[in-house]
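# A closer look at the structure
Next come the chains, spelled out residue by residue.
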Amino acid sequence: METRVETTYYDHGTPAERWERARQFFDAKDYAGAARVLTGLVEEVPEQTAPRLLLARAYYHSAQLRRAEAELRRVVERDPVEHYARLLLGRTLQRQARHEEAERHLRIASALAGDFPRQ
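Let me sum up the structure you'll find in this document. Keep in mind the model is a prediction, meaning the values are calculated, not measured.

Below, the discussion takes up the pattern of salt bridges. Across all of its chains, the model carries 7 salt bridges by this definition. Across the pair Glu44 and Arg18 runs a salt bridge, and its minimum N-O distance is 2.6 Å. Of the two residues, Glu44 sits in helix H2 (residues 31-44) while Arg18 sits in helix H1 (residues 15-27), which places them 26 residues apart along the sequence. Residue classification places Glu44 among the partly exposed residues on the basis of a relative accessible area of 43%. Classification of Arg18 by relative accessible area gives buried; the value is 5%. Among the ionic pairs, Arg74 bridges to Glu71, the shortest N-O distance being 3.0 Å. With Arg74 and Glu71 both in helix H4 (residues 65-78) and 3 residues apart, the pair spans about one turn of that helix. What makes Arg74 partly exposed here is its relative accessible area of 40%.

Structure, rendered in structure tokens:
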């Protein structure tokens, strides 16, 4: 008896094809569609930062802030100097009214970008 794995439009194709499909969904502002593609892609290639960051952005833009936060924390844990992840994590925390916690990440993001206050 043959085992059949069913695929959907969201998880069909090579990782590169799914990455492109996710980008198209995101660019069309279909953040939920992008997240559906990216969830499987991130599971398949967990070591890659770009898919996880785009997944976090899709969650952020679709107001799935807890999910965005979780993805961003994974990125920051692996790469503490990832500027954009720090910035988006700070903004995600702000949207959850966690301002004190957000401030730390926003300061780090600012320093990583070279944005220092003028004296």
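Picking up where we left off.
The next point concerns the environment of Glu77. Mapping Glu77 onto the fold places it in helix H4. Owing to a relative accessible area of 69%, Glu77 belongs among the exposed residues under this scheme. Taking the C-alpha atoms as reference, Glu77 lies 11 Å from Thr49; in sequence the two are 28 residues apart.

Reading guide: rules and limits
Residues numbered from 1 in each chain as written. Predicted model: local features only at pLDDT ≥ 70, side-chain atom pairs only at ≥ 80, totals over all residues. Heavy atoms only, no water. Salt bridge = Lys/Arg side-chain N within 4 Å of Asp/Glu carboxyl O. Helix = DSSP H or I, 4+ residues; strand = E, 2+ residues; numbered from the N terminus. Buried < 20%, exposed > 50% of the residue type's maximum accessible area, 1.4 Å probe, protein only.

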